[in-house]
Amino acid sequence: DDVPAGETDPDLKRFSIAKDREQVIPAIKAARAVNPDLLLYASPWSPPAWMKTSGALGTGSVKREWYPAFARYLLEFVRAYEAEGLPIHALTVQNEPRMAHRRYPTTLWTAEEQRDFIRDHLGPLFEREDVETLIWCWDHNWNLPQFPATILADPAAARFVDGTAFHHYEGRVAAQAKLHADFPDKHIYFTEGSMFGVDGAASIVEILRNWSRSYNFWVVMLDEHRRPNRCPHSASATCLELLDDGTVRTNFDYFMYGQFMKFIPRDAVRVESTTPEGGPRNVAFMTPSGELVIVAVNETGRPLRFALVQGGRGITAEIPAASVATYRWPAGG
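First, a word on scope: everything that follows refers to the structure included in this document. Everything numeric here is computed off the predicted structure, so don't read it as measured data. (Residues numbered from 1 in each chain as written. Predicted model: local features only at pLDDT ≥ 70, side-chain atom pairs only at ≥ 80, totals over all residues. Heavy atoms only, no water.)

With respect to the overall build of the protein chain
- When helices and strands are counted, the protein chain shows 8 helices and 15 strands.
- Taken over C-alpha atoms, the radius of gyration comes to 22 Å for the protein chain, in line with the 20 Å a tight globule of 333 residues would show.
- Taken over the C-alpha atoms alone, the protein chain extends approximately 70 × 55 × 35 Å along its principal axes.
- Within the protein chain, the fraction of its 333 residues that count as buried is 48%.
- Sequence-distant contacts in the protein chain: of pairs separated by 6 or more residues, those separated by 24 or more amount to 61%.
- Entry remark: accessible area of the protein chain is about 17000 Å², with carbon and sulfur atoms responsible for 51%.
- Charge separation in the protein chain, taken as the distance between the mean sites of 35 positive and 42 negative side-chain charges, equals 2 Å. (Helix = DSSP H or I, 4+ residues; strand = E, 2+ residues; numbered from the N terminus. Rg over C-alpha atoms; globule rule 2.2 N^0.38 Å. Buried < 20%, exposed > 50% of the residue type's maximum accessible area, 1.4 Å probe, protein only. Contact = heavy atoms within 4.5 Å. Areas by Shrake-Rupley, 256 points an atom, 1.4 Å probe, with all protein chains shown as cover. Lys, Arg positive; Asp, Glu negative; His and termini not counted. Charge placed at Lys NZ, Arg CZ, Asp CG, Glu CD.)

Rendered as structure tokens:
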């Protein structure tokens, strides 16, 4: 809903997802053709500039007078994607609400502003319109857990919030566990942050052990020159890379992610597992079929032997140096 400078569109008459139909929507539909069960969550980087104090997509915050319009804007987005056959499972209010950059779509929110927007505008609107899309708050780093805590501590706002989304660029993963302890009825999701190598696998283990229901990496593919990237930050090599000759290179991280994504299905439940001193870091899940899945990570330069024991039965295994392995324990086995 971008309009010329100085103009506004309070009735959202010029709202459109036409640009998304060029590449974004075809790419999502291609992915869903491979995996029809794919869930989609959406995270806005900036409202239209006319809603903001800066009058620009970069920096600024949403003017309170436009909170109702922004809530309707998000509703229009959800409905437009549903009309394309792409239901939005969850929505965050803002991607990285404490990040501001003049040359990049960014929008600042305080915890109190996001609380009030959810409580007084977005939540009630979704409720009136019978929108099933979940609302996730925060969607930024581990270093400011007091931001989502401010929202979840307000009962009128919290009743509209399914959970909290986290990134990993600052702070420690234990913030997830602390927030879970304070608000155990609210879910935790990890919505952005690529992990690399064996150490990255160990980080994913800790994200899952600290109550996250999901892990989403950013980003799937750049070319071998790490383009396109109009972000103010540098980019790392992605798990898949498009090479100049038109072929795709598959890097280590593609297979590392697969150790989790191929073997931990939706609706699996994390179960407690111990990490003995000197043993591999690990996370364990019980799948809906009753299978036990354990992802183990050996960050050392030597092979590690360890035992898997459940209910008085067990095996010994050895994981090679600097590697990630998945172990599957059959139901009733």
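Describing the environment of leucine 75
- Secondary-structure assignment places leucine 75 in helix H2 (residues 67–83).
- With 51 residues separating them along the chain, leucine 75 and phenylalanine 126 place their C-alpha atoms 7.3 Å apart.
- Sequence-distant contacts of leucine 75, defined by excluding residues within four places in its chain, comprise Leu125, Phe126, Glu129 and Val131.

Some details on the packing of H2 against helix H3 (residues 111–128)
- Relative orientation of the contacting elements H2 and H3 amounts to 55°, with a least axis distance of 9 Å. Here H2 is positioned oblique relative to H3, judged by the angle of their axes. For the element pair H2 and H3, the recorded crossing hand is right-handed. Mapping the contact onto sequence places Tyr67, Pro68, Phe70, Ala71, Arg72, Leu74, Leu75 and Val78 in H2 and Glu113, Phe117, His121, Leu122, Leu125 and Phe126 in H3.
- Here the contact of H2 with H3 is built from residues that sort into 11 nonpolar, 1 polar and 2 charged. (Axes fitted to C-alpha atoms, helices over the stretch in contact; angles between N-to-C directions. Parallel < 35°, antiparallel > 145°, perpendicular 65-115°, else oblique. Left-handed = near helix turned anticlockwise from the far one by under 90°. Nonpolar A, V, L, I, M, F, W, Y, C, P; charged D, E, K, R; others polar.)

Quick notes on the sheet that holds strand S4 (residues 163–167)
- With parallel pairing, the 6 strands of this open sheet are ordered in space as S1-S2-S3-S4-S5-S6. In this open sheet, the two strands that pair with only one neighbour each are strand S1 (41–42) and strand S6 (212–215).
- One ladder, built from 2 bridges, connects S1 with strand S2 (residues 90–92); its direction is parallel. Within S2, the residue paired with alanine 42 across the bridge is leucine 91.
- Each of S4, strand S5 (187–192) and S6 is contacted by helix H6 (residues 174–182), which is oriented at about 155° to S5, the strand it contacts most. (Pairing = 2+ DSSP bridges.)

Let's talk about a nonpolar patch on the surface
- A cluster of nonpolar side chains, contributed by Val220, Met221, Leu242 and Val248, occupies part of the molecular surface with about 300 Å² of accessible area.
- Counting through the fold element by element, valine 220 comes out in the loop between S6 and strand S7 (221–223). (Patch = residues over 30% accessible without salt bridge, like charges linked within 9 Å, V, L, I, M, F, W, Y side chains within 5 Å. Salt bridge = Lys/Arg side-chain N within 4 Å of Asp/Glu carboxyl O.)

A short note on the nonpolar core
- In terms of nonpolar packing, the biggest core is built from 75 residues, with Phe117, Leu122 and Phe260 touching the most fellow members.
- Here the element with the most residues in this core is H2; it accounts for 11 residues.
- When sequence neighbours within four positions are dropped, the list of residues in contact with phenylalanine 117 reads Tyr67, Phe70, Ala71, Leu74, Val93, Trp109 and Leu122.
- In terms of nonpolar packing, the next biggest core, distinct from the first, is built from 12 residues, Ala284, Ala296, Leu308 and Trp329 among them. (Core = buried A, V, L, I, M, F, W, Y, C linked by side-chain atoms within 4.5 Å.)

Re the sheet that holds S7
- Strand order across the open sheet formed by 3 strands is S7-S8-S9, with mixed pairing between neighbours. This sheet does not close on itself; its edge strands, each paired only once, are S7 and strand S9 (248–250). In this sheet, neighbouring strand axes are inclined to one another by 30° on average, regardless of whether the strands run parallel or antiparallel.
- Across 3 bridges, strand S8 (residues 240–242) lies against S9 in antiparallel orientation. Its bridge partner lying in S9, glutamate 241 is registered against arginine 249.

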